[in-house]
Amino acid sequence: MLRVDVEKQLGEFSLSAAFTSEGRVTGLFGASGAGKTSLVNMIAGLLRPDRGSIAIDGDVVDDTAAGIHVPAWRRRVGYVFQDARLFPHLNVAQNLDYGRRMNGLARDEAQRRRVVDLLDIGALLDRRPGKLSGGERQRVALGRALLAKPRLLLLDEPLGALDEARKLEILPYLVRLRDEANIPMVYVSHDVAELRQLATQIVMLKQGRVTSFGGVKVLT
Amino acid sequence: MLDISPAEWTAILLSLRVAVIATLVATPFGIALAWLLARRDFWGKSALDALVHLPLVLPPVVTGYLLLLTFGRRGLVGGFLADHLGIVFAFRWTGAALACGVMSFPLLVRPMRLSIEAIDRRLEQAAETLGAAPWKVFFTVTLPLALPGVLAGMVLGFAKAIGEFGATITFVSNIPGETQTISSAIYSLIQTPDGDAAAARLVAISVVLALGALVASEWFARRATARLHGN
């Protein structure tokens, strides 16, 4: 369960959003500039709200009234960025292993194989990120986030930087992820078709305000 | 051919030792300072930046004299170090290393700072979301990505240190076997009636060392670009 009730002033732009989502995939829908990324950055802990609170599975990670702000690295919230952000000095295998190492988790070969198979990235393990296509990079970024064993996965327009053909290439992986990985997700997009396929609940954001909330039907 | 005399060898080896120690000791400070200047905003930042660059624009003899006043036996810091820790800089090779370290510091810091500034901070954010504490982010993402710049700075600093003359001779004088580096040896030789041939040999060695360092520094800079693009 994800509970968000935050306010944030960013220059001229003011963001004030509150919602509680039980869904497996919460779709965060809105035009660019609606405040989607800022909201997701707050959930990740990369941005600190001016006022309000955020709780993941009942665990309060932000509460300005109580002076609580859990730093990003202690939140166990996975984040897949639009631009993948793979570490350029590490190969794919090392990128995938990064979260496990940083969290001091034991090696889990079975889990690693499952994720590598799920995303079809077994053939890329020795390559450097510079030698990957956009779609491959995004799949590796997904795997990297999953292998850090997050309790919530944030996906900020993971298909945004890809052309139509590449989008169709990645979408099935995301559907499989939703059905098999068993990790709640927040999926940010301005694409109605994408959200219809993936989301179970929708939060609609317009100019920094939540305008509607509910099932996928609110998209129509 | 180069027929290097024992006295010249002494000067060459001393120069190498002084420059290596100066570079190795200056490097951690250089990295810390480069990071501070690249990443932090604080009160007095421009003053600190100016202070670091001061040895580049001050007459070396002034820097040397200031070092003597500060780190000499009767200096504020030098007196303390000598009395309490037994560390003496005045007229010792360690003093030469200190002078070289100070003089080369601006050149050492600059490539490090530039390479840290060039790093995409969003990669550090990504590392954070994967569970890396800030100091782990620094050692697993920031430093490896800045490594070619760090090495370029070290090479450039080394090249400057090995050729330093003015501050060194002012601070620790020109004592063969203790503080006489290649540069001060050349200075002595060209003032001696038949020192020309020996001076020429040392000049040739200086030129080779300096050129080698420049080439190495350039090579590291190119590596840095490749590294940032993940090829």
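Residues numbered from 1 in each chain as written. Chains lettered and ligands numbered in written order. Predicted model: local features only at pLDDT ≥ 70, side-chain atom pairs only at ≥ 80, totals over all residues. Heavy atoms only, no water.

### What about the packing of helix α3 (residues 60-71) of chain B against helix α5 (residues 93-117) of chain B?
Residues and elements named next belong to chain B.
Logical step 1: In contact at an axis separation of 11 Å, α3 and α5 are set at 130° when each is read in the N-to-C sense. In terms of their interaxial angle, α3 and α5 are classed as oblique. Between α3 and α5 the crossing geometry is right-handed. Residue-level inspection shows P60, T63, L67 and F71 of α3 in contact with α5, the latter providing L98, A99, V102 and M103.
Logical step 2: Classifying every residue of the contact of α3 with α5 gives seven nonpolar, one polar and no charged. (Axes fitted to C-alpha atoms, helices over the stretch in contact; angles between N-to-C directions. Helix = DSSP H or I, 4+ residues; strand = E, 2+ residues; numbered from the N terminus. Parallel < 35°, antiparallel > 145°, perpendicular 65-115°, else oblique. Left-handed = near helix turned anticlockwise from the far one by under 90°. Contact = heavy atoms within 4.5 Å. Nonpolar A, V, L, I, M, F, W, Y, C, P; charged D, E, K, R; others polar.)

### Here's the deal with the packing of aromatic side chains
Logical step 1: In this structure the tally under the stated criterion is seven aromatic pairs over all chains.
Logical step 2: Centroid distance B:F71 to B:F89: 5.6 Å. Interplanar angle 85°. Geometry classified as edge-to-face. Separated by 18 residues along the polypeptide, B:F71 in helix α3 and B:F89 in the loop between α4 (76-85) and α5 bring together distant segments of the chain.
Logical step 3: For B:F89, a relative accessible area of 15% translates into the label buried.
Logical step 4: The ring of A:F81 carries A:R85 above its face, with NZ or CZ at 3.7 Å from the centroid.
Logical step 5: In this structure, A:R144 packs its charged tip against the face of A:F87, placed 4.6 Å from the ring centre. (Phe/Tyr/Trp six-rings, centres within 6.5 Å; stacked < 30°, edge-to-face > 60°. Buried < 20%, exposed > 50% of the residue type's maximum accessible area, 1.4 Å probe, protein only. Lys NZ or Arg CZ within 6 Å of the ring centre and 35° of its normal.)

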